[in-house]
Amino acid sequence: LPIFKVPYRTGQTRIDATPVKVADLPAGRNHHWTKSLVASADGTRLYVGVGSLSNIGDEGMEAEEGRAAVWEVDLATGTARIFAGGLRNPVGLAWEPGTGALWTVVNERDEIGSDLVPDYLTSVQEGGFYGWPYSYWGQNVDVRAQPQDPEKVASAIAPDYALGSQVAALGVSFSTPAMGADFADGVFVGDAGKSRCQNDDRQANQADFRQMQRQRNDQPDANNPLGDKTQAILTAAALTATIVEIL
């Protein structure tokens with residue numbers, strides 16, 4: 001599945017030039033076929049989210065080669081490499097203002113129950129591994145993924161923020177001080193929700209606002225991998241409604 005580039009002028013409404021291929025991404029049958037893409041601040045690299053082929057490596061890890069990862073693509077040479085792995089389906093990508101850190105929202109695995117595994121929002125560390133398919137939320141082993149890889153599990157990074165199971169987070173955008181004190185330092189996450197939800201009472205199609213915690217120490221234990229679930233909810237159907245904090 002290639003990335004193409006075309007020249008663009010402000011106000012242009014059609015493509016007249018012949019697309020030029022920049023790089024190839026993992027191809028073949030696509031279960032998670034959408035690809036999120038964001039450019040580096042200097043415009044020299046692209047970062048692309050590539051989802052897994054299956055829920056927990058159901059067709060073997062050879063079929064998952066290069067998937068469940070964020071790729072880095074050099075625009076000048078077309079050279080591509082995995083920037084971070086173990087991210088089942090990294091759908092949205094964004095740069096954090098000030099720090100320049102790359103963040104993503106990830107749709108996690110299914111069929112453990114209505115409360116596991118939480119989809120999540122996390123910073124993306126270069127060379128980092130986030131557990132899929134061998135474990136979730138750090139070192140919580142998913143015994144369904146066989147054969148296991150203890151070395152990978154030991155290296156798995158726990159995400160920064162749990163969003164709840166089956167929320168189907170699709171997009172992420174950081175706020176700015178211009179949005180006022182209540183939204184000066186945080187991130188909006190768009191949820192599709194009910195299409196993947198195993199609980200009938202969950203909301204679909206909403207935007208969550210997560211206040212950033214600059215000195216956080218989220219260490220959820222194995223019996224409560226959801227961790228800190230404090231978040232504010234702003235529903236897409238009532239954008240002027242009161243912000244509700246859920247504890």
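Figured I'd write up the structure that's included with this text. (Residues numbered from 1 in each chain as written. Predicted model: local features only at pLDDT ≥ 70, side-chain atom pairs only at ≥ 80, totals over all residues. Heavy atoms only, no water.)

Sheet analysis places strand β5 (residues 69-74) next to strand β6 (residues 80-85), joined by five bridges and oriented antiparallel. What sits directly across from alanine 69, in β6, is glycine 85. (Pairing = 2+ DSSP bridges. Helix = DSSP H or I, 4+ residues; strand = E, 2+ residues; numbered from the N terminus.)

Moving on, we come to the side chain of asparagine 107. Locating asparagine 107 in the fold gives a position in the loop between β8 (102-106) and β9 (118-123). Take asparagine 107: its relative accessible area is 5%, and that puts it in the buried class. A polar contact of 2.9 Å, which involves the side chain of asparagine 107, links it to the backbone oxygen of alanine 169. (Buried < 20%, exposed > 50% of the residue type's maximum accessible area, 1.4 Å probe, protein only. Polar contact = N/O pair within 3.5 Å; in protein donor to acceptor, adjacent residues only side chain to side chain.)

Now for the nonpolar core. Where a protein is soluble and globular, its nonpolar side chains tend to be buried together. Among the nonpolar cores identified, the biggest contains 17 residues, and Val70, Phe83, Leu87 and Leu102 are the most heavily contacted of them. Mapped by element, the contributors of at least two residues to this core are β6 and β8. Excluding residues within four positions of it along the chain, leucine 87 makes contact with Ala68, Ala69, Val70, Val106, Tyr120, Tyr130 and Trp132. Of all hydrophobic cores here, the second largest spans twelve residues; its members include Val167, Val172, Phe174 and Val189. (Core = buried A, V, L, I, M, F, W, Y, C linked by side-chain atoms within 4.5 Å. Contact = heavy atoms within 4.5 Å.)

Below, the discussion takes up the pairing of β8. Of all five residues making up β8, five are buried, and the element is well covered by its neighbours. Along β8, one buried face is formed by Leu102, Thr104 and Val106 and the opposite face, lined by Trp103 and Val105, is buried too. Where strand β7 (residues 90-95) meets β8, five bridges bridge the pair, whose relative direction is antiparallel. Residue pairing for β8: glycine 92 is matched across the bridge by valine 105. Adjacent in sequence and paired antiparallel, β7 and β8 are bridged by six residues, among which glycine 98 carries a positive phi angle near 90°. By the bridge criterion, four bridges tie β8 to β9 in an arrangement that is antiparallel. What sits directly across from valine 106, in β9, is tyrosine 120.

Right, let's get into the sheet that holds β7. If you trace the four strands from one edge of the open sheet to the other, you get β7-β8-β9-β12, paired in antiparallel fashion. Each edge of the open sheet carries a strand with a single partner, namely β7 and β12 (161-165). For this sheet, the mean angle separating the axes of adjacent strands, direction not counted, is 15°. Two elements, β9 and β12, share four bridges in a ladder whose sense is antiparallel. Counted as the bridge partner of tyrosine 120 is alanine 162 from β12. (Axes fitted to C-alpha atoms, helices over the stretch in contact; angles between N-to-C directions.)

Attention shifts here to the layout of surface pockets. Here the second largest pocket defines a volume of roughly 320 Å³. Considering the residues around the second largest pocket, the lining is formed by 19 residues, among which Arg67, Gly85, Gly86, Phe129 and Lys152 are closest to the centre. A per-class count over the lining of the second largest pocket returns ten nonpolar, five polar and four charged. (1 Å grid on protein atoms, 1.4 Å probe; cavity = no way out; pocket = protein on both sides within 12 Å on 5 of 7 lines; lining within 4 Å. Points joined across faces, edges and corners; volume = space filled by probe spheres on them. Nonpolar A, V, L, I, M, F, W, Y, C, P; charged D, E, K, R; others polar.)

Turning to the sheet that holds strand β3 (residues 35-39), a few remarks are in order. Pairing in this open sheet of four strands is antiparallel, and the strands run β3-β4-β5-β6 from one edge to the other. Either end of the sheet is taken by a strand with one partner, and the two such strands are β3 and β6. Pairwise comparison of adjacent strand axes, ignoring direction, gives a mean angle of 25° for this sheet.

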